[in-house]
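# Understanding the architecture of this molecule
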Amino acid sequence: MYYGEDIVEEVRQKTDIVDLVGQYVHLKKKGSSYFGLCPFHGEKTASFSVSPGKQIFYCFGCGKAGDSIRFLMEYENLSFVEALEELAERANITLPKEEKRDKGEEDLRYKILEINKQAALFYVKQLRSEKGKQGLAYCAKRKLSGESITHFGLGYAGKERDSLYQYCKSLGFKDRVLQESGLFSFKENGVYDKFFNRLIFPIMDLHNRVIGFGGRVMGDGEPKYLNSPETKLFDKSRNLFALNFSRKSRANYFILCEGY
Ligand SMILES: [Zn+2]
């Protein structure tokens, strides 16, 4: 998506950089500027400055500098457009919509997101229920802490073959969109949940929205790991499990692992 210079300027003008940076860094006023500990390099004395007059930040320690958009890009590891969109939302500015995606397509994506969200909550509840005991026991065996289970939103799909389907139907979702979600197999003799008897890992995009799932089978079933198929939301070549969390880490390295 391309945004014109005037809309970019409007977002800049309606964003107060002191307000924005202040959400992430503890700032103290000194003369006409504000100072705090630089979020981009480790330091004990404040050499990171924000100028309300010029609406820029500058670090005397590491030299990082820029405007509000640049700050968000650096801090949250966002692209220019992503940072712009986030700041626009924060400032209540409506950005011009992308023309080429038609409304029906947009609605469908929105509905799939909603199904994924409901499914994730359903799986979480199952893990905490009587049925989820086997899943929790497996987590304990793999030494996953309760904190990790909660943090990553792990869930459980029970042994029934259509409990998620029945649940989604009870929420009023139509077969047409359920089919697009990739969570169900539509067969001649009925509709079945793709995930059953598995520990469930929700896969989220950078905005913490659930776009797919991975499931580890309980016991020796095959396949050991099952993933959602690609859907209108889930592009496997563009997503990494837990990237939404690691993006916010202030560490200057990543450890890339196979599996979940
Ligand atoms: Zn710095």
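Conventions and cut-offs
- Counting restarts for each chain: residues are numbered from 1 in the order of the written sequence.
- It should be noted that, the model being predicted, local features are given only for residues of pLDDT at least 70 and side-chain atom pairs only at 80 or more, the latter also being counted only at that level, while totals for whole chains, interfaces and linings use all residues.
- Side-chain descriptors were evaluated using all non-hydrogen atoms of the structure, hydrogens and water having been removed beforehand.
- Burial classification: accessible surface area is computed with a 1.4 Å probe over protein chains only, and a residue below 20% of its type maximum counts as buried, one above 50% as exposed, and the rest as partly exposed.
- Secondary structure counts use DSSP, requiring at least four H or I residues in a row for a helix and at least two E residues in a row for a strand, with both numbered from the N terminus.
- The pairing criterion is simple: DSSP has to find at least two bridges between the two strands.
- Reported domain spans reflect what an automatic or database domain assignment gives.
- We define the nonpolar core as a collection of buried residues of types Ala, Val, Leu, Ile, Met, Phe, Trp, Tyr and Cys that are connected through side-chain atoms lying within 4.5 Å of one another.
- Only heavy atoms enter the contact rule, under which two residues are in contact if any of them lie within 4.5 Å.
- Angles run from 0 to 180 degrees between N-to-C directions of axes, and those axes are lines fitted to C-alpha atoms, restricted for helices to the stretch in contact.
- Just so you know how the angles are binned, under 35 degrees is roughly parallel, over 145 roughly antiparallel, 65 to 115 roughly perpendicular, and the rest oblique.
- For any pair of crossing helices, the crossing counts as left-handed if the nearer helix is rotated counterclockwise from the farther one by less than a right angle, and right-handed if it is rotated clockwise.
- Any residue that is not Ala, Val, Leu, Ile, Met, Phe, Trp, Tyr, Cys, Pro, Asp, Glu, Lys or Arg is counted as polar, Gly included; the first ten are nonpolar and the last four charged.

The element strand β9 (residues 198-204) is largely enclosed, with a buried count of seven among its seven residues. In β9, alternate side chains face the same way, and those of Arg198, Ile200, Pro202 and Met204 on one face and Leu199, Phe201 and Ile203 on the other are all buried. The pairing of β9 with strand β10 (residues 210-217) spans seven bridges and is classified as antiparallel. Of the residues in β10, the one forming a bridge with Arg198 is Val217. In sequence, β9 turns back onto β10 through a hairpin of five residues, with Asn208 there showing a positive phi of about 60°.

As a further point, take the domain arrangement of the protein. When cut into domains, the protein gives domain 1 (5-90) and domain 2 (103-246). The straight-line distance from the C-alpha centre of domain 1 to that of domain 2 is 37 Å.

A separate point is the nonpolar core. Of all hydrophobic cores here, the largest spans 29 residues; its most connected members are Val21, Phe40, Phe48, Val50, Phe57, Ile69 and Phe71. Counting residues per element, this core draws most heavily on helix α3 (residues 68-76), at five residues. Those residues in contact with Phe71 that lie beyond four places of it in its chain are Leu20, Val21, Tyr24, Val25, Pro39, Phe40, Phe48 and Phe57. Listed in part, the 27 residues of the second largest apolar core include Leu113, Phe173, Leu183 and Val210.

All right, on to the sheet that holds strand β6 (residues 155-157) then. Reading across from one edge, β6-β9-β10-β11 is the order of the four strands in this open sheet, with antiparallel pairing throughout. The open sheet has two edge strands, β6 and β11 (225-227), and neither has a second partner. Between one strand axis and the next, the sheet turns by 30° as a mean value, whatever way the strands run. Pairing between β6 and β9: three bridges, direction antiparallel. Bridge pairing in β9 links Gly155 to Ile200. Contacts between helix α5 (residues 103-128) and the sheet are confined to β6, β9 and β10, with β10 contributing the most and set at about 35° to the helix. Most of the contacts of helix α6 (residues 133-141) go to β9, to which it runs at about 75°, and overall it touches β6, β9, β10 and β11.

Bringing the packing of α5 against helix α8 (residues 163-170) into the picture now. In contact at an axis separation of 11 Å, α5 and α8 are set at 125° when each is read in the N-to-C sense. Put simply, α5 runs oblique to α8. Between α5 and α8 the crossing geometry is right-handed. Contacts from Ile115, Gln118, Ala119, Phe122 and Tyr123 in α5 reach Ser163, Leu164, Tyr167 and Cys168 in α8. By residue class, the composition of the contact of α5 with α8 is seven nonpolar, two polar and no charged.

Closest axis-to-axis distance for the α3/helix α4 (residues 80-90) pair is 9 Å, and the angle between their directions is 110°. Here α4 runs roughly perpendicular to α3, going by the angle between their axes. Like other packed secondary-structure pairs, α3 and α4 cross with a definite hand, here right-handed. Of the residues in α4, those in contact with Ser68, Ile69, Leu72, Met73 and Glu76 of α3 are Phe80, Ala83, Leu84, Glu86 and Leu87. Looking at the contact of α3 with α4 residue by residue, the class counts come to seven nonpolar, one polar and two charged.

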